[in-house]
Amino acid sequence: MKIKLNQLLIKKLTPLIWKIFPARKAQAISRFSMIEKDSAVQLLECMKFVGDNKIKADLFQHVLEEFHHADLFEELAKNYSDKHLNLSINSRENIINENSTHEDFLKFYAYVHVGESDVNEDFEVYANAIDDTSIRRTFLKVAADENRHEVGTDQILFELCNNDKIKTNRLILISRLKRSYKMYTIAMKNIGQIVFNFYMSIIYFCGGLFMVRSSRKQFLWTKSDHLDFLKNQIADLKREL
Amino acid sequence: MNILGISSNYHDSSAAIVIKGEVIASSAEERFTLQKHDPSFPEKSINYCLKKAGIKKSDIDLVVYHEDPHVKLSRTLSSAFKNFPYSLATFIKTSTEACTSAFWLKYEIAKYLSIDLKKIMFIPHHLSHCAHSFLTSGFDEAAIVTIDAVGEWTASCIFHGTKTDTGFKLEPLEVFPFPNSLGLVYSAFTAFLGFKVNDGECSTMALSAFGKPRYLKEIKNIILLNTEDVQIDLSYFDFKRDDQLPFTEKFYSVFGAPRSYKSKYSFDCMDDLKSDYDEREMYYADVACSLQTVLEEAVLLLIRKAKNLTGSVNLCYGGGVALNCVANSKILESKLFENVYIPCDPGDGGGAMGAALFASMFYGNKPSNYLVSPYLGQNYEVDPFLELMAKIDPSEWNRFSKIKTNRLNKDQIEIRKFDSKDAFLDSVAQLLADNQIIGFFNGRFENGPRALGNRSILCRADNISLAKQMSETIKLRASFRPYACAMTEEFAKEAIEDNYSGNLNKWMQASFKIKKEYVPKLRAGLHIDHSTRAQIVSQGDNQDFYSLLKKYGKICGVEAIINTSFNEQGFPIVASPIEALIMFARTNLKYLAIENVIIAKRE
């Protein structure tokens, strides 16, 4: 349901927003590049926890494809921006780490599978929603690859679960729920940011009148004021250490 | 006493572990996340450092952070309110950062490491730089200069450092406060010239060699120099509006439109200097040259001031601006100091180590009498990698490459394992002599932004077409950016003009002019002015790399090769064998030399 709502938004809102704010187009495509690169890095991390070299080799192939997709989106984004896109890097969620168990790894891999399945559908919706040949071509190309990944990851997950179909389906279901919850939290975070921005704007305009003077005063500090400040910082540190 | 240093939240996050005053391990987070200049909390680097030191989180006695985020917040908020009511966006951005990181940083660290809040301390940014450069230098006493964009309220600093019977003393002598920042101005012009801020500054420096200083007056109207001070006329910049093109109308009226980042410069550092370059490109090169010249003057002004204030014969120099190897050469040429030292990672990445070393000196440790090695990163076993290689199918690699590569079958990948390091190095030297380009991977990776022979791509320095092939099909490197040469110290004594015997040449910190008779032998590794940012290798620095240079010298008569970082455009230098394999798969790199194994593509 949430996924479908997401796709409806892509279909209806994205062309409109990209038309009104052309800079958003480059930013959004560049974000896709970052997401694909992040997938590659997560899979690389994942390789550390796999004992079977055949599966590891398949993962390596998958990593190369994700980097390739990142390249495609990066090149595409350049067509729509006059300046370097300096997007802030979202801090990476370490889904899997040194202390992870085999079960954690299976959960992670099921999550990868669900992710592939979702983006595959999303990319197709983007391709059909945007009236631009190069964008459409890139999204369709990546969607086709992701479609293969969806099938491939399903197969690997099945093998990792010792050909236990019930366990495989259970892991996929848990991952779908987790992904839906994650999308919900992202949406809530964005709404929260809007509310936060609203309150901060009020604080800014109310408090600014009082703060502006003291702020400007701080910029009038002399070099010796700054030197004294640094000396005091060092003296405090010495006491604490 | 186990002390963990952390640097994060701006760019080049890193971690370092210091035990009993000795640096055991250090790494930038980007090496583990493949995100160049990664600013995120350095979890992976911390984990690596603890593992290398053989300790657990609970064994950490103290955590030090490379700056004081609360003081930094006071500066960003003051900057926002100073421009009231035109700075709402900056204020919201600053407030968001404050609420998500600055306020909670101690708690974040404490939670991640399961450590008491009292065991976490903040070290002022420039003090971290200062401690890093002094406490890794081996000097008993030195003038210390730090110059970067901004740390808390400070842009540049002068300290005096001395070793004492009980430890050391670092005394701040002069502070050059924000916003009078040389680093910020250099970065702003980097954006103007079409390069990426906090990444493309080396391109600005490289471009400057093609220009003439025709715009000194205009630049000096921005960077105001007198005998005592460096000040910036901020009316040319609007840092609150756009960090990629932070200029005002006044700036545009003097310098015109910025160069589009999509336009490539046609300068070629391996050609001879021409007189008929494109007029518009020449303009930007002239601006870069003028900027570089004024920066050198400003750096020398601060260095001279440090000399006058301390009277020392030793200089330690840190902060991001210390990565400018052309300006560093001018410091050497000035002969103001007998000895000049710059750590291998003078930027923010080195702040973690500096903070940790600083704190360790308060617990009965004394500064080292030797240079701290740059090889502090992780090493990897090759056998698990070879087992994986046996299963890898290269038939689709050509689909994933940015550049055209040929389709390979599995039997076209040849793996050769050597019984001894000596035989392995013999074979690598022969391949280099046979005009091959080799990805060379050996031991622990280097700390800092330079590849120093453990994660390097190597090739002959006398073969220009080979170097161009490397630029076009492997590194995707702009033709105006020069490669650098690695050479043995014996060869350097013969080939370098005004041979400098200090430490600045060990880690590619300064550029040196090559004697005329050696230019043809090294031309592919030289800039347009026949200078090179040489890595001069002695046996004690890096035994294997030194042996390789010697072996190559025996075959070719020249103990020098091109040494460039082992990374693809847009990626950090590779850390693990798998990352090296990714680059091998995605580019036209034909040889991978890992520890004692050579992997080759046979076509």
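The preceding data block contains the structure.
Worth saying up front: this structure is predicted, and the values here are computed from it rather than measured. (Residues numbered from 1 in each chain as written. Chains lettered and ligands numbered in written order. Predicted model: local features only at pLDDT ≥ 70, side-chain atom pairs only at ≥ 80, totals over all residues.)

Caption draft 1: Quick look at the overall build of chain A. Within chain A, the regular secondary structure consists of seven helices and zero strands. Each helix and strand of chain A, ordered N terminal to C terminal, gives the series α-α-α-α-α-α-α. Here the C-alpha atoms of chain A give a radius of gyration of 24 Å, more than 25% beyond the 18 Å that 2.2 N^0.38 yields for 241 residues. Along the first, second and third principal axes, the C-alpha set of chain A runs to 70 × 50 × 30 Å. In chain A, which comprises 241 residues, the proportion classed as buried is 29%. Across chain A, contacts joining residues at least 24 apart in sequence account for 75% of those joining residues at least 6 apart. (Helix = DSSP H or I, 4+ residues; strand = E, 2+ residues; numbered from the N terminus. Rg over C-alpha atoms; globule rule 2.2 N^0.38 Å. Buried ≥ 20, exposed ≤ 12 C-beta atoms within 10 Å, placed from the backbone. Contact = placed C-beta atoms within 7 Å.)

Caption draft 2: Fine view of the pairing of strand β6 (residues 141-151) of chain B. Residues and elements named next belong to chain B. Across the 11 residues that make up β6, a large majority, 10, are buried. Bridge analysis of β6 against strand β7 (residues 154-163) gives eight bridges, and the strand direction is antiparallel. Among the inter-strand pairings, glycine 151 is bridged to a residue of β7, identified as threonine 154. Counting the residues that bridge the hairpin from β6 to β7 gives two residues, and of these glutamate 152 lies at a positive phi of roughly 50 degrees. Bridging between β6 and strand β11 (residues 314-318) involves four bridges; their strand directions are parallel. Bridging across to β11, threonine 146 finds its partner in glycine 318. (Pairing = 2+ DSSP bridges.)

Caption draft 3: Up close: the nonpolar core. Membership of the largest hydrophobic core comes to 220 residues, with the highest contact counts inside it found for B:Leu315, B:Ala356, B:Met487 and B:Ile561. Looking at this core element by element, the count peaks at 13 residues for helix α11 (residues 279-310) of chain B. Once residues within four sequence positions are removed from consideration, B:Ala356 is found in contact with B:Ile3, B:Leu4, B:Gly5, B:Ala16, B:Val18 and B:Val64. In terms of nonpolar packing, the next biggest core, distinct from the first, is built from seven residues, A:Met200, B:Ala80, B:Phe84 and B:Ile92 among them. (Core = buried A, V, L, I, M, F, W, Y, C linked by C-beta atoms within 7 Å.)

Caption draft 4: The interface of chain A and chain B, seen in detail. With 48 residues of chain A at the contact, the number on the chain B side is 52 residues. If you list the elements that add at least two residues to the side of chain A that touches chain B, you get α2 (22-47), α3 (53-78), α6 (165-218) and α7 (223-240) of chain A. Among the elements that take part in the side of chain A that touches chain B, α3(A) stands out by supplying 13 residues, more than any other. Residues of the side of chain A that touches chain B, tallied by class, amount to 21 nonpolar, 14 polar and 13 charged. (Nonpolar A, V, L, I, M, F, W, Y, C, P; charged D, E, K, R; others polar.)

Caption draft 5: Geometry of helix α2 (residues 43-53) of chain B. Residue and element names in this part refer to chain B. Of all the residues in α2, the buried ones are Lys44, Ser45, Ile46, Tyr48, Cys49 and Leu50. On its buried side, α2 packs onto β1 (2-7), β2 (14-19), β3 (22-28) and α1 (30-33). Where α2 terminates, the next one or two residues include glycine 54, which has phi positive at roughly 70 degrees.

The analysis is restricted to geometry; functional conclusions fall outside its scope.
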